[in-house]
Amino acid sequence: MSDPIALIVDDEADIRELLQLTLKRMNVASLTAATVQEARALLAQQPFDLCLTDMRLPDGNGIDLVEHMQIHNPATPVAVITAHGNMESAIAALKAGAFDFVSKPVDLRVLRNLVSTALRLSSTRGEPSAARAGLDLLGNSPVMQTIRITIAKLARSQAPVYISGESGTGKELAARLIHESGPRAGGPFIPVNCGAIPEHLMDSEFFGHKKGSFTGAVADKPGLFQAAHGGTLFLDEVANLPLHMQVKLLRAIQEKSVRPIGEQKETAIDVRILSATHKDLAALVKKGEFRQDLFYRINVIELHVPSLRERPQDIPLLAEHILQRLSTETGTATPRLSPAALEALTHYPFPGNVRELENILERALTLCEGNIIDAPDLHLPQAQEAAMHDSNALEPYLGTLEKEAIVKALEKTRYNKTAAAKLLGITFRALRYRLKKLGLD
């Protein structure tokens, strides 16, 4: 198999030479061009595995070339070399379809990471399959078909993606699928709930620390950025980051480096940033509660994951998959939903989205008689109660009471499960399910 070949476009001979030498050491051959016109001529003559282009060229700019390649060479990843600190140009290039960017003066470690990632990018990747898409992203509705096609396109880029949508729609699954469908699939996927980290520990958690850098730092600790090196860092509920942390996060993303607490020098990081929140980030920016520059940086491309209300035609398929999974977990026969039950589910607003659908069917599976789930078995809340239905505050308490009742019934019947189910007034299948759910089997 022949070595990969790159196209280098820059009007400065010394920059072209530096890039050629760096790529040669990575066993990547290269051809060079000094203008957009020369680059287009070379692109028309032969295929390339990668293109590196300067932003400022004598007869145009890098974005002109990116846009040309999106039409004529869409399978070739193109990265733009921008002036130091000129994030507007970098973001404009990413929006135009650039694979990634690198700033001048070119950090060779960053460049090598970029080239390695680009060369892993397969030109044959297509739409993610339903099996890989995960439960929340299943569906044959037009909106879900569009989502999966969009995810396949996003996987080919290194641009930051902001995933918006209500709670329970599957934002993390969408992020995982972008990661798994792209060139970083072999690297780590590190999800972090930004609202779950205590504010005083954020610096250490995100950037790491050196042993002895503060009281309690008994050993070196890598941060989340270092843990995600070569892969993807998914910032869930990014709206919950305090303002001082937003500044540090912005710098880490722009400089592609971090400095652990107690360390004198910065460490280069090769991480793709995906972020999500159920809140309206644009509204928070207007209120001054979220930095506009960080919003501008992480929201290069937005992916909106629709609510279940926006795709009710997908509910039968989702319900079937959920019931099959629950039945497999409990070793019971998969029940069917009656036409009335399906009708009820299709017209229910689902404020908790797919997560709530799972909870409703899980409960119905344990309560239904026989092998059919009917509408009353669903116990759907009234419309005015629906907004509160996704709350789980009582679950730990109710779980404890349920566990005690089951244990007492089993002791009373000398662990005869059939008799215990009768004593509890539930089906044998429901008892088996609860035993497994509560860890009593």
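By convention here, each chain's residues receive numbers from 1 onward along its written sequence. Thresholds applied to this predicted model are a pLDDT of at least 70 for local features of residues and 80 or more for the giving and counting of side-chain atom pairs; totals over whole chains, interfaces and linings are not thresholded and use all residues. Computation of side-chain values covers all heavy atoms of the structure but excludes hydrogens and water.

## Some points on the layout of surface pockets
Quick note on the threshold: The method works on a 1 Å grid over the protein atoms by themselves. A cavity is a set of points holding a 1.4 Å probe that cannot get out, a pocket is an open set with protein on both sides within 12 Å along at least five of seven lines, and residues with an atom within 4 Å of a point line them. Grid points are joined across faces, edges and corners, and a volume is the space filled by probe spheres set on the points. In the scheme used here, Gly and all other residues not listed as nonpolar or charged are polar, with Ala, Val, Leu, Ile, Met, Phe, Trp, Tyr, Cys and Pro taken as nonpolar and Asp, Glu, Lys and Arg as charged.
Of the volumes computed, that of the second largest pocket is approximately 370 Å³. Gln70, Gly97, Lys153, Arg156 and Ser157 are the residues nearest the centre of the second largest pocket, which is lined by 16 residues in total. Among the residues forming the lining of the second largest pocket, the class breakdown is nine nonpolar, four polar and three charged.

## Observations regarding empty space enclosed by the protein
Where we set the bar: By the criteria applied, helices consist of DSSP H or I runs no shorter than four residues and strands consist of E runs no shorter than two, each listed in order from the N terminus.
Tallied over the full model, the rule gives two cavities of 30 Å³ or more. Considering only enclosed or pocket space, the largest cavity measures out at about 240 Å³ in volume. The wall of the largest cavity is formed by 19 residues, among which Asp100, Ile253, Lys256, Val271 and Arg272 lie closest to the centre. Breaking the lining of the largest cavity down by element, the ones donating at least two residues are β7 (100-103), α5 (108-120), α11 (243-255) and β13 (272-277). Counting residues per element, the lining of the largest cavity draws most heavily on α5, at three residues. Of the residues in the lining of the largest cavity, the class split is eleven nonpolar, two polar and six charged. Of the voids in this model, the second largest cavity is the one considered here, and its volume is about 40 Å³. Tallied by class, the residues present in the lining of the second largest cavity amount to three nonpolar, four polar and two charged.

## A closer look at unusual backbone geometry
Our working rule: Relative accessibility under 20% of the residue-type maximum defines a buried residue, over 50% an exposed one, and the middle range a partly exposed one, all with a 1.4 Å probe and only protein chains included.
In this model, Lys104 is joined to Pro105 through a cis peptide bond whose omega is -10 degrees. By the element assignment, Pro105 lies in the loop between β7 and α5. Positioned with a positive phi, Phe350 is a non-glycine residue whose angle comes to about 50 degrees. Within the element layout of this structure, Phe350 appears in the loop between α15 (339-347) and α16 (353-367). Given the relative accessible area of 1%, Phe350 is considered buried.

## Quick notes on the side chain of Asp100
Using the following cut-off: By definition in these notes, contact holds between two residues if any of their heavy atoms fall within 4.5 Å.
With respect to the helices, strands and loops of the structure, Asp100 is situated in strand β7. When sequence neighbours within four positions are dropped, the list of residues in contact with Asp100 reads Val78, Ala79, Val80, Leu94, Leu114, Gln158 and Lys256.

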